[in-house]
Amino acid sequence: MSTKKRFSIAPDLASGIRNTIQSASTNQGQLHYDMMSLDAIQPDPENPRKLSISHNEMVHGLLPTDPDYQKKIKERDALNELSESIKRIGIRNAIEVYKDGLKYRIVTGERRYWAAMLAGQKSVPVRISPKPEEFNLRYTQWVENINRQDLSLAEKLNNLILISEAHKSSNRGEFSEQALQNLLGISTIQAYRYFALLNADDKVIQLVNLGKINNLKLAQELCAMKDQGARNQVISWIRSSKDEVTSLVSFKESAGKKAASSTLSAGRSISLGKINNAQVAKKLFEIVLSDIKLDKYRHEFKNIDWSSSKAITKAFKSLFKSIELALSVEDPV
Amino acid sequence: MRIIAVVNNKGGVGKTTTSRFLAEYFSIVKNERVLALDMDPQANFSNRYLKMEIDPYQQEGRIPPIHSNYDPSSPEDKDWDGRSSIAGIFFGEMVFPYATYIPTLEISPSHSSKLLLAEAVTREEVVQKVYDQLSKFLALDDVKDSYDKIIIDTPPSKGPVTISVVRAATDILIPSIMEPQPMEGIYGMIHLWKSETLRRPKNNPLNLLGVLPNSFDRRGIIHKDHYDSLKNEMPDYVLESKIGRRLIYAEADAEGAAPPSIFMYPEKNIARQEILIACQEIHERMNAHVNQETF
């Protein structure tokens, strides 16, 4: 019995056609790459990562008398390094831009832009995107810059302010610690600290913007100080310090006295004794946990096995850590 | 203004014939103002409306005839040799479309050697210029105000000239024979469509009108099987209409053919009906996409 020959497209060609059609219909406008003249591109003035040196200084050199000379030298060297690599192999990752009036504004890639200019390039590869929604633009810039070691706290704060403003104006709900944590994928404590900084008063913000404080934990501790007298003292001391302040230890030393602190010296701790009755332990646990300041930790202690001494001990250890965390922010200096 | 590019990097699949049907459908049947562009160095599309001449410097190539508006004694024309082709856009020349026997159809013909030169550029910055040149020309107010449809016949390649056409187009149509080799050409073209789609903003899409089965032979099963198979892979992009394999199309292409257009055949003529149905389907597919000002 003979069978009639049937024809069809080769399987690999068929799957190629199917995949191509699918990719085109779902990704329109996602990959617009081009070569663009540097003249047509402009940096975003609100990009959180501000270069410490100006275009003029890049071209004409730095003044050794400049108070920020060291910082600028570092920045210039880093840009020169990038510029050298661009001379050799060009820009490997396109600069992302969007059309803004007659020019194209940078979303990400500002250092590549300046380095290309230093390298004497006339045009650079760009990826052209539609103008991003304000919130997404600020978020992208955060993601792009946050892992850079040289991003200052002031730059991070400015980016955060833009993110929070864009969040509020885009009807995304309340801009809370929780929202910040979910958005940026950071730990609870980091979110808490950033949030404290966002709500800091002008004095703290000024110290951050002056570069006197570049440490998030320190900034948050300063925000949390309740003793206004002590706080003002610390602020004036930081303001008058020549360099960036990284901890309050030297303030305590310079004040000539050990500041009133409930923190014990390193390596020391207090033993809280032993309890033999699990029910008593449970009751004590509940009393402590009922403190309003521990509200946000309560969900962590929902499933304790009260029949296991090991589990109870572990829960107490964890509770003490939370208590220290919750109460330490009120710690007076 | 809609810009329809007829593309396929395989030769002999019916690009020029399809371009001709579309140009004549929109000008004769729909009475729209049409500009035909011949971007193929072989100049067959041009030859159907103009008496192209042999290039004295390149005997196998074709150059446009002297333009009817050319007046060597006029000071305005003193820097012009009287010939104009669409290839001129790549060389900074003015483009003067030629009238045809159809009152609402004009053509800007091919110029073999110039198009071959544009197709052969390799220096990156020149290639980029070739890519954008046709878009710039078609964005001119003079062009946009003068025509309703632009129909572009392309060379059988995926080179710079074809890319410049794809960049300028609002719609592309892929004629193909339903056989294994031309299927590869379809794949090449939808890749080109995909690249262009990924780079275009959402408000200016490149509409893929679909694959038009050409020289379709209903007697065997090879064309039908390949058609079904293709339809299975890209159901929204294969036309229902099929252009059959008919001698009459070759006859209508011959010099001095009478009548000169398939749309001038009697209404009951089967070939005319077949082409009309295909053009109507293409027209409907164009209307299904949002009508847009391209630039």
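Quick notes on the rules
Residues numbered from 1 in each chain as written. Chains lettered and ligands numbered in written order. Predicted model: local features only at pLDDT ≥ 70, side-chain atom pairs only at ≥ 80, totals over all residues. Heavy atoms only, no water. Pairing = 2+ DSSP bridges. Helix = DSSP H or I, 4+ residues; strand = E, 2+ residues; numbered from the N terminus. Domains from an automatic or database assignment. Buried < 20%, exposed > 50% of the residue type's maximum accessible area, 1.4 Å probe, protein only. Right-handed = clockwise from strand over helix to strand, strands pointing away. Salt bridge = Lys/Arg side-chain N within 4 Å of Asp/Glu carboxyl O. Axes fitted to C-alpha atoms, helices over the stretch in contact; angles between N-to-C directions. Parallel < 35°, antiparallel > 145°, perpendicular 65-115°, else oblique. Contact = heavy atoms within 4.5 Å. Nonpolar A, V, L, I, M, F, W, Y, C, P; charged D, E, K, R; others polar. Buried area = accessible area lost by both parts, 1.4 Å probe. 1 Å grid on protein atoms, 1.4 Å probe; cavity = no way out; pocket = protein on both sides within 12 Å on 5 of 7 lines; lining within 4 Å. Points joined across faces, edges and corners; volume = space filled by probe spheres on them. Core = buried A, V, L, I, M, F, W, Y, C linked by side-chain atoms within 4.5 Å.

A. Region of interest: the pairing of strand β5 (residues 123–129) of chain A. All names here are of chain A. The pairing of strand β1 (residues 32–37) with β5 spans six bridges and is antiparallel. Residue pairing for β5: M35 is matched across the bridge by P125. As paired elements, strand β3 (residues 95–100) and β5 share four bridges and run parallel to each other. Each bridged residue has a counterpart across the sheet, and for E96 the counterpart in β5 is R127.

B. Spotlight on the domain arrangement of chain A. What the domain assignment reports for chain A is domain 1 (28–131), domain 2 (139–254) and domain 3 (287–294 + 303–333). If you average the C-alpha positions of domain 1 of chain A and of domain 3 of chain A, the two centres end up 50 Å apart.

C. Local environment of the pairing of strand β8 (residues 171–177) of chain B. All names here are of chain B. Of all the seven residues making up β8, seven are buried; the element is thus mostly covered by neighbouring parts of the structure. In β8, alternate side chains face the same way, and those of D171, L173, P175 and I177 on one face and I172, I174 and S176 on the other are all buried. Bridge count for strand β1 (residues 2–6) against β8 is three bridges, and the pairing is parallel. By the bridge assignment for β8, I4 is matched with D171. Alignment of β8 against strand β9 (residues 207–214), held across seven bridges, turns out to be parallel. The residue of β9 that forms the bridge with S176 is P213. With helix α7 (residues 180–199) bridging β8 and its parallel neighbour β9, the resulting β-α-β unit is right-handed.

D. Looking closely at the pattern of salt bridges. Residue and element names in this part refer to chain A. This model, assessed by the stated rule, comprises 26 salt bridges over all chains. One salt bridge in this structure joins K72 and D66, with 2.7 Å as the shortest N-O distance. Here the two residues K72 and D66 agree in accessibility, since each one is buried. In this structure, the salt-bridge partner of R138 is E134, at a minimum N-O distance of 3.0 Å. Of the two residues, R138 and E134 are both situated in helix α5 (residues 134–145); the distance of four residues between them amounts to about one turn of the helix.

E. View of the packing of helix α6 (residues 153–169) of chain A against helix α8 (residues 188–198) of chain A. Residues and elements named next belong to chain A. As a packed pair, α6 and α8 sit with axes 10 Å apart at the nearest point and diverge in direction by 85°. Taken as axis vectors, α6 and α8 run roughly perpendicular relative to one another. For the pair α6 and α8, contact is made by L153, K156, L157, L160, I161 and S164 and by Y194, L197 and L198, respectively. Tallied by class, residues from the contact of α6 with α8 come to seven nonpolar, one polar and one charged.

F. Region of the structure containing the sheet that holds strand β6 (residues 105–108) of chain B. All names here are of chain B. Strand order in the open sheet made by the seven strands is β5-β6-β2-β7-β1-β8-β9, with mixed pairing throughout. For this open sheet the edge positions go to β5 (98–99) and β9, each flanked by a neighbour on one side alone. Pairing of β5 with β6, which is carried by two bridges, proceeds in the antiparallel orientation. Paired with Y98 across the strands is I107, a residue of β6. Relative to the sheet, helix α1 (residues 15–29) contacts β1, β2 (34–38), β6, β7 (149–153), β8 and β9, its axis offset from that of β7 by approximately 165°.

G. Structural context of the interface of chain A and chain B. With 22 residues of chain A at the contact, the number on the chain B side is 26 residues. Counting the surface lost from both chain A and chain B, the interface buries some 2400 Å², and carbon and sulfur atoms represent 65% of this. In terms of surface lost to chain B, no three residues of chain A exceed F7(A), I21(A) and Q28(A), which account for 27% of the buried area on that side. Summed over the shared surface of chain A and chain B, the result is one salt bridge. Here E233(B) ties to R18(A) by a salt bridge, and the two come within 2.4 Å at their closest N and O atoms.

H. View of empty space enclosed by the protein. Residues and elements named next belong to chain B. Enumeration according to the criterion identifies two cavities of 30 Å³ or more in this entry. Its volume calculated, the largest cavity comes out at about 60 Å³. In this structure, the largest cavity is lined by T17, T18, F21, L22, L212, N214, I243, I275, A278, C279 and I282. Secondary-structure elements contributing two or more residues to the lining of the largest cavity are α1, β9 and α10 (270–288). Counted by class, the lining of the largest cavity contains eight nonpolar, three polar and no charged residues.

I. Geometry of the nonpolar core. L134(B), L138(B), I150(B), L230(B) and M234(B) are the most contacted members of the largest nonpolar core, which totals 54 residues. In contact with L134(B), not counting residues within four places along its chain, are L37(B), M39(B), I86(B), I89(B), I152(B), S164(B), V165(B) and A168(B).

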